[in-house]
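Read off the chains here:
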Amino acid sequence: MAKHVGVKLPDDLVAILKAGKTVGVLATFSEKGLPHTTPIQCVYPKGLESVLISIHKDHTGYHNMVWQKKVMMCFMDEGNVAYSILGRAGVVRAPSNVHPLMNVVRIDIIDIKSDRSVLTRVDSGVRWSYTSWEAEELSKGLYNELKELSLTL
């Protein structure tokens, strides 16, 4: 059963996002109303009312959010973290300073709901690993860019 949390990121979600090892699922809709989901691993909290993400400039999810602005992001991770964020997206850096094909988007929170179940609990979320040292270098650079931007925007 979903429970309204408010418009500020809960402490457990902030901690997970700052650790930099979780995956959020971004949900958008096309101009034709078709749903689209995208896993996003470069996510960082900007204060308690926004999150920053890095996304490829040619990705369908990016084009959908530029067109529509309203998005949802879902996070599930250890410690029974299970949240969905409704937000309004806006591009804050295009291109990224780290890679010319990546853009940085801020999602301002409209509402957050807890999706914890009374029957089950989330023991661990989606875990990922790098496919190469180049991928690790790029991902760490993008994550650090989000972290720095969170302090200056």
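For the structure, see preceding data.
Treat the numbers as computed from the prediction; the structure is a model and nothing was measured.

Rules behind the numbers
- Residues numbered from 1 in each chain as written.
- Predicted model: local features only at pLDDT ≥ 70, side-chain atom pairs only at ≥ 80, totals over all residues.
- Heavy atoms only, no water.
- Helix = DSSP H or I, 4+ residues; strand = E, 2+ residues; numbered from the N terminus.
- Buried < 20%, exposed > 50% of the residue type's maximum accessible area, 1.4 Å probe, protein only.
- Lys, Arg positive; Asp, Glu negative; His and termini not counted.
- Charge placed at Lys NZ, Arg CZ, Asp CG, Glu CD.
- Salt bridge = Lys/Arg side-chain N within 4 Å of Asp/Glu carboxyl O.

1. Observations regarding the overall build of the chain
Of regular secondary structure, the chain possesses three helices and eight strands. Listed N to C, the secondary structure of the chain is β-α-β-β-β-β-α-β-β-β-α in terms of helices and strands. Counting only C-alpha atoms, the chain reaches 45 × 35 × 30 Å along its principal axes. Counting the 153 residues in the chain, one finds 41% classified as buried. With 18 positive and 16 negative side-chain charges, the chain shows a spacing of 5 Å between the two charge centroids.

2. Looking at unusual backbone geometry
Following Ala94, the chain continues into Pro95 via a peptide bond in cis, with omega recorded as 0 degrees. If you trace the backbone, Pro95 turns up in the loop between strand S7 (81-93) and strand S8 (102-114). Backbone geometry places Lys69, a non-glycine residue, at a positive phi of 80 degrees. The residue Lys69 is located in the loop between helix H2 (60-68) and strand S6 (70-77) in this model. Residue classification places Lys69 among the partly exposed positions, given a relative accessible area of 28%. Phi at Asn80 is positive, roughly 60 degrees, even though this residue is not glycine.

3. Quick notes on the pattern of salt bridges
What the rule picks out here adds up to eight salt bridges. With a closest N to O distance of 2.8 Å, Lys113 and Asp115 form a salt bridge. Overall, Lys113 belongs to the partly exposed group, its relative accessible area being 30%.

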